[in-house]
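One-letter residues, chain by chain:
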Amino acid sequence: MKLYQQLSQVSFLQNSYAFKFLFITFLGIHIPLIGILFFVLYSKSAIPPGTLLLFALVMTLVATGITLVILKKLIMPIEIASKALNNYQNNRTVTMLPTEFKDEAGLLMKNIHRSIQETEDFITEKQDLMYLLSHDLRTFSGNSQSLSKMILDENPSSAVRELTELIYESTTQQFHFIDSFIKLIKEQDEISKKEIHFKKINLHKVLSDVADQVGQQLTKKNIELISSVKIAEAQIQIDAELLIRVLVNLIDNAIKFSFAESEIRLDVYTDKTKLVLTVTDSGLGFDPSHKDELFKKFTNKSKLGTANEHSTGIGLYLCKKIIERHQGAIVAKSRGINQGAQFSIILQKGK
């Protein structure tokens with residue numbers, strides 16, 4: 001950037017990035033000619049043609065090398081702008097870019113900086129608004145729920161009780177939906193800010209934590225979780241806590257749609273350069289033609305569990321977002337309704 005800054009102080013080069021390149025190239029082309037002229041003018045004896053040719057060749061190579069090095073430094077603004085944009089897209093890191101330059105590269109940096117800042121401000125404002133609306137909605141739902149509870153406490157007639165219980169159940173579902181909505185916003189923001197790089201993960205520890213978190217749900221329906229781990233550690237591009245969150249979500253989902261006193265399998269193995277984690281159940285399954293719909297936000301393919309458990313419609317969506325954000329894939333398979341389901345997480349494995 002130092003060379004670019006110095007050239008930007010030259011009056012006839014200030015407003016044109018192309019002129020800066022042409023100026024450096026012009027100087028680079030004429031260095032060999034100037035060198036040959038000085039060599040001929042100040043030589044004390046006649047110069048053999050071979051010597052002159054060799055000198056011209058050396059000067060041309062040196063000048064070409066110097067020119068390429070300088071031009072490489074001159075494209076630094078483009079590299080900085082590209083890196084800033086890449087950092088924001090991958091890690092949501094806002095990089096401060098210089099905005100005082102007037103040429104095309106300067107305008108590019110200025111526009112990228114402004115676009116990143118406006119996007120970040122928009123995201124922040126959107127989240128603040130969502131939290132505010134969610135808070136107000138909770139308040140309104142809470143009022144309805146409190147009133148319905150007061151009516152139920154007064155021992156109303158059976159007809160009034162039935163209607164009041166419906167209101168109470170409806171507001172409870174509203175609370176559940178609002179909480180899911182807030183969770184979606186928070187987790188999307190958290191995912192976007194995670195830095196991605198390979199790290200060593202203890203898979204036995206991951207599965208142990210997963211088993212602890214789903215233990216209560218398994219006990220409620222008397223379902224056994226059977227784990228098979230064929231690799232103890234792996235270098236993968238996802239934090240252990242995020243991987244645990246995805247697995248817990250998938251197993252929660254499997255429990256919800258599994259019948260009591262059944263089994264759920266959790267298998268971990270490698271397939272060439274991939275780490276594969278599969279959650280398999282023998283429950284309700286799904287129509288294979290609907291597999292892509294399952295991962296959509298608030299999908300209409302959500303259904304009640306085998307014990308009438310409600311679905312938020314965002315669990316699988318978040319799992320997919322987390323895994324794809326970390327350069328992986330998640331695949332759903334089923335042979336059909338009431339024939340179980342399998343969800344596979346596929347992650348790139350480092351060396």
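This text goes with the structure placed above it.
Anyway, here's the lowdown on the structure attached to this text. (Residues numbered from 1 in each chain as written. Predicted model: local features only at pLDDT ≥ 70, side-chain atom pairs only at ≥ 80, totals over all residues. Heavy atoms only, no water.)

1. Observations concerning the packing of helix 3 (residues 49–74) against helix 4 (residues 76–91)
So, point 1. Two numbers describe how helix 3 lies on helix 4: the axes approach to 5 Å, and their chain directions differ by 40°. Of the possible angle classes, the one that applies to helix 3 and helix 4 is oblique. On the side of helix 3, the interface is formed by Lys72, Lys73 and Leu74, while helix 4 contributes Met76, Pro77 and Glu79.
So, point 2. Within the contact of helix 3 with helix 4, the residues separate by chemical class into three nonpolar, no polar and three charged. (Axes fitted to C-alpha atoms, helices over the stretch in contact; angles between N-to-C directions. Helix = DSSP H or I, 4+ residues; strand = E, 2+ residues; numbered from the N terminus. Parallel < 35°, antiparallel > 145°, perpendicular 65-115°, else oblique. Contact = heavy atoms within 4.5 Å. Nonpolar A, V, L, I, M, F, W, Y, C, P; charged D, E, K, R; others polar.)

2. A short note on the nonpolar core
Soluble globular proteins: nonpolar side chains tend toward being buried together.
So, point 1. By size, the foremost hydrophobic cluster in this structure holds 41 residues, and its most contacted members are Leu243, Leu247, Leu250, Phe343 and Ile345.
So, point 2. Among the elements that line this core, the one with the most residues is helix 8 (residues 240–256), at 10 residues.
So, point 3. Not counting chain neighbours up to four residues away, the residues in contact with leucine 250 comprise Val279, Leu316, Cys319, Ile330, Phe343 and Ile345. (Core = buried A, V, L, I, M, F, W, Y, C linked by side-chain atoms within 4.5 Å. Buried < 20%, exposed > 50% of the residue type's maximum accessible area, 1.4 Å probe, protein only.)

3. Observations regarding the pattern of salt bridges
So, point 1. Considering all chains together, one arrives at nine salt bridges under this definition.
So, point 2. Lysine 205 is the partner of aspartate 209 in a salt bridge, and the nearest nitrogen-oxygen pair spans 2.8 Å. Highlighted residues: aspartate 209 and lysine 205, both in helix 7 (residues 203–220), separated by four residues, approximately one helical turn.
So, point 3. Overall, the relative accessible area of 21% leaves aspartate 209 in the partly exposed class.
So, point 4. The class for lysine 205 is partly exposed, based on a relative accessible area of 48%.
So, point 5. Glutamate 324 is paired through a salt bridge with lysine 320; the nearest N and O atoms lie 2.7 Å apart. In this pair, glutamate 324 and lysine 320 both sit in helix 9 (residues 315–325), four residues apart, roughly one turn of the helix. (Salt bridge = Lys/Arg side-chain N within 4 Å of Asp/Glu carboxyl O.)

4. Considerations on the side chain of lysine 20
So, point 1. Turning to its location among the elements, lysine 20 is positioned in helix 2 (residues 17–41).
So, point 2. Here the side chain of lysine 20 touches aspartate 103 through a polar contact of 2.8 Å, side chain to side chain. (Polar contact = N/O pair within 3.5 Å; in protein donor to acceptor, adjacent residues only side chain to side chain.)

5. Looking at the packing of aromatic side chains
So, point 1. One pass over the full model with this rule turns up six aromatic pairs.
So, point 2. With 6.3 Å between their ring centres and 45° between their planes, phenylalanine 286 and phenylalanine 343 make a pair best called tilted. Remark: phenylalanine 343 occurs in strand 7 (residues 341–348) and phenylalanine 286 occurs in the loop between strand 5 (274–281) and helix 9; sequence separation between them is 57 residues.
So, point 3. A relative accessible area of 5% places phenylalanine 343 in the buried class.
So, point 4. Aromatic rings pair up to connect Tyr4, Tyr17, Phe21 and Phe101 into one cluster. (Phe/Tyr/Trp six-rings, centres within 6.5 Å; stacked < 30°, edge-to-face > 60°.)

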